Amino acid sequence: MHIYEDDDLLVRIAAAGGGFRFVPSSGPVLFYRMFPDQPRWGDESARYRLKDVAKPWLGMVLRTASNGRIDSCGLATEDREDLIADCTMFLRNLYRHDRATFHEYLALVRRFVPGYTPKKPVYLWLMAKCLGYERAEAVAGFIRPIKQRLRKT
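Description of the structure in this document. (Residues numbered from 1 in each chain as written. Predicted model: local features only at pLDDT ≥ 70, side-chain atom pairs only at ≥ 80, totals over all residues. Heavy atoms only, no water.)

1. Examining the pattern of salt bridges
Stage number 1. Here the structure, examined in full by the defined rule, presents three salt bridges.
Stage number 2. Of the charged contacts, one joins R92 and E137 as a salt bridge, the two residues approaching to 3.0 Å between their closest N and O atoms. One end of the pair, R92, is in helix 3 (residues 77-97); the other, E137, is in helix 6 (residues 133-152), with 45 residues separating them in the sequence.
Stage number 3. By relative accessible area, which is 1% here, E137 ends up buried.
Stage number 4. A salt bridge links E137 to R144; the nearest nitrogen and oxygen atoms lie 3.5 Å apart. Accessibility classification places E137 together with R144 in one group, the buried group.
Stage number 5. Salt bridges linked by common partners bring R92, E137 and R144 together as one network. (Salt bridge = Lys/Arg side-chain N within 4 Å of Asp/Glu carboxyl O. Helix = DSSP H or I, 4+ residues; strand = E, 2+ residues; numbered from the N terminus. Buried < 20%, exposed > 50% of the residue type's maximum accessible area, 1.4 Å probe, protein only.)

2. A few points about helix 4 (residues 99-112)
Stage number 1. With 14 residues, helix 4 should reach 20 Å at 1.5 Å per residue; the first-to-last C-alpha distance of 20 Å fits that figure.
Stage number 2. Among the residues of helix 4, those classed as buried are T101, F102, Y105, L106, V109 and F112. In an axial view of helix 4, the angular spread of the buried residues amounts to 135°, which keeps them on one side of the axis.
Stage number 3. Residues of helix 4 that are buried make contact with helix 2 (50-64), helix 3 and helix 6. (Expected span 1.5 Å × (residues − 1). Arc of directions from axis to C-beta. Contact = heavy atoms within 4.5 Å.)

3. As for a nonpolar patch on the surface
Stage number 1. Taken together, L9, L10, I13 and F20 make up a surface patch of nonpolar side chains, about 380 Å² in accessible area.
Stage number 2. Relative to the helices and strands, F20 resides in the loop between helix 1 (5-15) and strand 1 (41-42).
Stage number 3. The exposure class of F20 is exposed, given its relative accessible area of 52%. (Patch = residues over 30% accessible without salt bridge, like charges linked within 9 Å, V, L, I, M, F, W, Y side chains within 5 Å. Areas by Shrake-Rupley, 256 points an atom, 1.4 Å probe, with all protein chains shown as cover.)

4. Observations regarding unusual backbone geometry
Stage number 1. Between K120 and P121 the backbone carries a cis peptide bond, its omega angle lying at -10°.
Stage number 2. Within the secondary structure, P121 is located in the loop between helix 4 and helix 5 (122-131).

5. Comments concerning the packing of aromatic side chains
Stage number 1. One pass over the structure, following the stated rule, counts five aromatic pairs.
Stage number 2. Residues F90 and Y105 carry aromatic rings whose centres are separated by 6.1 Å and whose planes lie at 65° to one another, so their mutual orientation is edge-to-face. Here Y105 lies in helix 4 and F90 lies in helix 3, a separation of 15 residues in the sequence. Each member of the pair, F90 as well as Y105, carries the same accessibility label: buried.
Stage number 3. Through successive ring pairs, a cluster of aromatic residues spans Y95, F102, Y116 and Y133.
Stage number 4. In this structure, R99 is placed above the aromatic ring of Y95, and the distance from its NZ or CZ to the ring centre is 3.6 Å. (Phe/Tyr/Trp six-rings, centres within 6.5 Å; stacked < 30°, edge-to-face > 60°. Lys NZ or Arg CZ within 6 Å of the ring centre and 35° of its normal.)

Spatial relationships are all this shows, so hold off on functional conclusions.
Following this line, the structure appears as structure tokens:
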């Protein structure tokens, strides 16, 4: 399987009117093969390149939205916030690893979520409101290592 094919199948089943039921299990139902010495996705050293994960994932989301906007998906508030948080997570990583794909992805996210700005972390939201999202990510790039050093001490 290619990455996110399982999610794509579940979304297609749901979009076609299929239902899901919770079925208790005494053990795992499926396994994801992980490689401890290799990140799952990221730059050239990862199992999957970040843009090869992020763009198909968002494409799957956009195909599911009838008019290409989040408000047409009929999601509960919590699910909507989780979906936007996933978009933010991909954007933040793309900004660090692949600027060209970051710009493409941001344009798609803004089509899906008009007026998109990241909600969390709060400092990023505030900077994005004041400076614009891309500049906010640039500043966050300076803040992130400082925060990591402070956590270690």
